[in-house]
Amino acid sequence: MITKVRNHLSQNEALLFERSSPGKKAYQLPDLDVPPVDAAAALGAENVRTGIQDFPEVSEVEAIRHFTRLSTWNYAIDHGMYPLGSCTMKYNPRVNELVARTEGLAWAHPYQPEALAQGCMEVMARLEGILAEITGMDAVTLQPSAGAHGELTGILLIRALLEKRGDPRKKILVPDSAHGTNPATAAIAGYAVENVKSTAAGLLDVSALERIVNRDVAALMVTNPNTLGVFEENIVRAAEILHAKGAMLYMDGANMNALVGIARPGDFGVDVLHLNLHKTFSTPHGGGGPGAGPVAVKKALEPFLPVPRLKRSGKKWAWDYKRKHSIGRVRAFYGNFGVLVRALAYILAHGGPGLRNATVDAVLNANYIRKRLEPYYDLPYSSPSMHEVVFSDARQAANGVRTGDIAKRLIDYGFHPYTVSFPMIVHGALMIEPTETEGTSELDAFIDAMISIAKEVELDPQFVKDAPYSTRTSRVDEVTAARKPVLRWKRP
Amino acid sequence: MMDACGIDSPEALFAHLPEAARLSRPLELPAGISEYEIVEYFRQRAAENANGYASFLGAGVYNHFRPVLVDAVASRGEFLTSYTPYQAEISQGTLTAIFEFQTMICQLTGMDVANASMYDGSTAVPEAVMMAARLTGKGRALIARSVHPEYRETLRTYAKHQGMSVEEFGYSPEAGTIDLEDLDRKMDDLTAAVIVQSPNFFGIVDQVKAAGEIAHRRGALLILIFTEAVSLGILEPPAEPDIVAGELQSFAISPSYGGPFAGIIATREKYVRQMPGRLVGQTTDSRGNRAFCLTLSTREQHIRRERATSNICTNQALIALMATVFMTVYGKEGLRELAGQNLAKAHYLAGRLKPRFDGKFFNEFVVRLEGRTPEQANKALLKKKIIGGLPLGRFYPELADCMLLCATEMSRRADMDALPEVLS
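Rules and cut-offs
Residues numbered from 1 in each chain as written. Chains lettered and ligands numbered in written order. Predicted model: local features only at pLDDT ≥ 70, side-chain atom pairs only at ≥ 80, totals over all residues. pLDDT = per-residue confidence, 0-100. Domains from an automatic or database assignment. Nonpolar A, V, L, I, M, F, W, Y, C, P; charged D, E, K, R; others polar. Axes fitted to C-alpha atoms, helices over the stretch in contact; angles between N-to-C directions. Helix = DSSP H or I, 4+ residues; strand = E, 2+ residues; numbered from the N terminus. Parallel < 35°, antiparallel > 145°, perpendicular 65-115°, else oblique. Left-handed = near helix turned anticlockwise from the far one by under 90°. Contact = placed C-beta atoms within 7 Å. Pairing = 2+ DSSP bridges. Buried ≥ 20, exposed ≤ 12 C-beta atoms within 10 Å, placed from the backbone. Right-handed = clockwise from strand over helix to strand, strands pointing away.

### Focus: the confidence of the model for chain B
For step 1, the next point in the chain: Mean pLDDT over chain B stands at 95; residues scoring 70 or higher make up 98%.
For step 2, the next point in the chain: Taken over the whole predicted complex, pTM reads 0.97, whereas the ipTM for its chain interfaces reads 0.97.

### Description of the domain arrangement of chain B
Residue and element names in this part refer to chain B.
For step 1, the next point in the chain: Each assigned domain of chain B is listed here: domain 1 (54-67 + 331-423) and domain 2 (69-325).
For step 2, the next point in the chain: Centre-to-centre separation of domain 1 and domain 2, based on C-alpha positions: 26 Å.
For step 3, the next point in the chain: Taken together, the residues of the side of domain 1 that touches domain 2 break down into 14 nonpolar, 7 polar and 5 charged.

### What about the packing of helix H13 (residues 403-412) of chain A against helix H14 (residues 440-459) of chain A?
Residues and elements named next belong to chain A.
For step 1, the next point in the chain: Here H13 crosses H14 at 125°, and the two axes come no closer than 10 Å. Between H13 and H14, the interaxial angle falls into the category oblique. Here the hand of the crossing between H13 and H14 comes out right-handed. Seen from H13, the contacting residues are Ile406, Arg409 and Leu410; seen from H14, they are Ala449, Ile453 and Glu456.
For step 2, the next point in the chain: Residue composition of the contact of H13 with H14, grouped by class: 4 nonpolar, no polar and 2 charged.

### Side note on the sheet that holds strand S14 (residues 402-406) of chain B
Residues and elements named next belong to chain B.
For step 1, the next point in the chain: Here we have 3 strands laid out as an open sheet, ordered S11-S14-S13, and antiparallel in their pairing. On the outer flanks of this sheet lie strand S11 (364-368) and strand S13 (390-391), each paired with one strand and no other.
For step 2, the next point in the chain: In this structure, S11 lies alongside S14, joined through 5 bridges in antiparallel fashion. Looking at the pairing, Val366 lines up with Leu404 of S14.

### Here's the deal with the interface of chain A and chain B
For step 1, the next point in the chain: Counting from both sides, the interface comprises 162 residues of chain A and, opposite them, 150 residues of chain B.
For step 2, the next point in the chain: Here the element with the most residues in the side of chain A that touches chain B is helix H11 (residues 337-373) of chain A; it accounts for 21 residues.
For step 3, the next point in the chain: For the side of chain A that touches chain B, the residue count by class is 93 nonpolar, 43 polar and 26 charged.

### Some remarks on the pairing of strand S6 (residues 221-226) of chain B
Residue and element names in this part refer to chain B.
For step 1, the next point in the chain: The buried count for S6 comes to 6 of 6 residues, which makes it a mostly enclosed element.
For step 2, the next point in the chain: Along S6, one buried face is formed by Leu221, Ile223 and Ile225 and the opposite face, lined by Leu222, Leu224 and Phe226, is buried too.
For step 3, the next point in the chain: The pairing of strand S5 (residues 191-197) with S6 spans 5 bridges and is classified as parallel. From the neighbouring strand, Ala193 faces S6, where its bridge partner is Leu221.
For step 4, the next point in the chain: In this fold, S5 hands off to helix H9 (residues 208-217), which returns the chain to S6; that crossover is right-handed.
For step 5, the next point in the chain: As judged from the 4 bridges shared by S6 and strand S7 (residues 243-247), these two strands associate in the parallel manner. Residue pairing in the sheet places Leu224 in a bridge with Val244 of S7.

### A closer look at the pairing of strand S8 (residues 309-313) of chain A
All names here are of chain A.
For step 1, the next point in the chain: Bridge analysis of S8 against strand S9 (residues 316-320) gives 5 bridges, and the strand direction is antiparallel. Bridging from a neighbouring strand, Arg309 pairs with Asp320 of S9.
For step 2, the next point in the chain: Counted between consecutive antiparallel strands, the loop separating S8 from S9 contains 2 residues, among which Gly314 sits at a positive phi close to 70°.

### Considerations on the sheet that holds strand S4 (residues 165-169) of chain B
Residue and element names in this part refer to chain B.
For step 1, the next point in the chain: If you trace the 7 strands from one edge of the open sheet to the other, you get S2-S8-S7-S6-S5-S3-S4, paired in mixed fashion. A single partner strand is all that each edge strand has here, and the edge strands are strand S2 (113-114) and S4.
For step 2, the next point in the chain: One ladder, built from 5 bridges, connects S7 with strand S8 (residues 263-267); its direction is antiparallel. Among the inter-strand pairings, Val244 is bridged to a residue of S8, identified as Ala266.
For step 3, the next point in the chain: Strand contacts of helix H6 (residues 121-136): strand S3 (140-144), S5, S6, S7 and S8, with the helix running at about 165° to S7, the strand carrying the most contacts.

Set out below in structure tokens:
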């Protein structure tokens, strides 16, 4: 029985430009308290635009209705479980939104005098300290804007250290199970990428690692738990192998939701890692961003951290720009402060014990799903799952149904799909991460839906392949969208 | 649940972790606190910042009114708590809004195609330069000193390991616009891109057309940067740029001590396949309804991995949504009127002071101080609860006696009237 499907608001919605009409307005500005200025005289006539062609003009009520209707076509965490693996779609606490909008924080200008920015600096310093404790590292930078940005920062730090030692080296090792940002980042940092195959158990192959680590290797980028949701049991050995040859261990912290309060990367040999505040630390995904990607390092890498760094000056905080070994800036200003506030609010709300409990619940939830779905979906690796579980579509493929089809049918049951076809080492992967947010009723509803779909695949595979049925649009034609790209509205 | 998993206690779930890797003590963090205490904590931090000050700071982050509709829309759970729109059927809200965003950015910048945002204006610069390098096959960038200093620093960090050399060319000490002779001298056939900003860091409308001619003559692309998006309401977008990279913070994004913001890259249609970042395209569903989806993903990291156009994954979707609502609220006439107010306020203030450069400016300008340093002047202004302009010595040693002032529609006449006494 489908438990979550209801009728849904659905209209043919015009774009803003299509409902625009000259003279409609939604804004009000106060009257000028100074004389108006002739634009042509002030800017040069050739620099003044005659108008913004086809820019929309709508009323306030049209604007609010348009965006409200658009919003009803989205699925969101506020609707129900979002089992995307490695995305950690946990509840986005509303208190985070409130505190980020506190006037003295929201209106702070990055260049306002330091004496008048102590509140912002204290927030950042506090968060740096907490993240260092959680990760078991020595120093943290909050400058990177997202995970990939943090990865780039981390690899640049490694490069800087190795350069100072005399040889930046040539390549970075990346497991074949890695997220795409890992090799992309290594390339941007000027390194060649060499893939490391996983073992039959889906883990890092330390014997292979031992064979290929030499003085040309700058670092190994590892995700732990890996993208199968499995803890890399040989990670300490891997770190030893790398360190023996003067190479470093970078950890992609996307899966930290399995580790907080349980294990610390700094304790198992990691030299540098990034965190995703929009995953582990509850800041909202917002349809695709913003995020924040702090980077935590061991002492040896601290001198190279992006500039400026917070330092204590008497009883106050100050920005230290005199860091001669720094890799420089990875962006203007200090970081995504508004996101940092939200992450700190989350941490304050949970506290030490609460953060650990969240981790335990996240891992328990994933294991519950694994146990209950094991009879119906192929489990390619038997290693213990942590916060996420990866199935394959091998059984359903026998009926011509793939992971992408199952995902689309799941939508009809009122859930967002899991992560489809990743990691690439599993053929037809279904990567499921419930997070600690979900209670048994939601988990059971998800499990029941997945079992029901498995049965549908046996009885009527085509029905599953043609899903979804209950959405605003049926399956969209992504092929034509790429072949004949239409990337903006134009007046017909 | 534990029964279903066959375990006696949740700790059993971690038993397989190697002993050496496990944390054997609790985290050294205080216990969790209540919602009210969290709000109070941040209220106290906010009280330690500037409160109730008039500010004349610009320099890449601008004080503009935030229409109430912006947060009303962006706070909706369907927008706030949704994910990247990879599953198009249940993300048409986000996808439609981004398509409208992309369109409006094209309309404002005069370009053919715009992406669904980069992290911010500063990181959009190296992304644009790397794009130009891929398109031209060349490895050198020439950037004007009148581009935001922290944007230039960011470019250097990225360029260093791309085998790209970055050189700067100067500005005219009278006009405050780019020194075209210096650019021409430094230009060569190995240059992938010439990068200028307009209005530039000094607030001045720069010589984009002339820079474009020099660039194109030698087979380089012209990249135009903007940091003050409101200027697009009144300034004619130049035809010369091949790539526009900019910052949308002015469009209802809280200054928030420097982030999160939203950058954009916009370009000509012929360059679209080398563009980084997410793109939303129009298509149809199987019933012929108009629909939107992420497209041209083969450029991106999740497909191309080490051969991707960028490593970027996250965009700034929620921030871009705020900007979209802002652009919708103001609309065609409103953006023009808003820009006009900015022009009026800044020119009123400048009329009471003496701008250092004679170039034409939008809402920012530089003044030279005599008799006291900019830092001393700002100290005096703080006593009147006014935050003065940015002293330029930290970025331009030759302008150590100058400050950069910004006036927007939020600046009040009474506060502006208090400045001449201290600054002249």
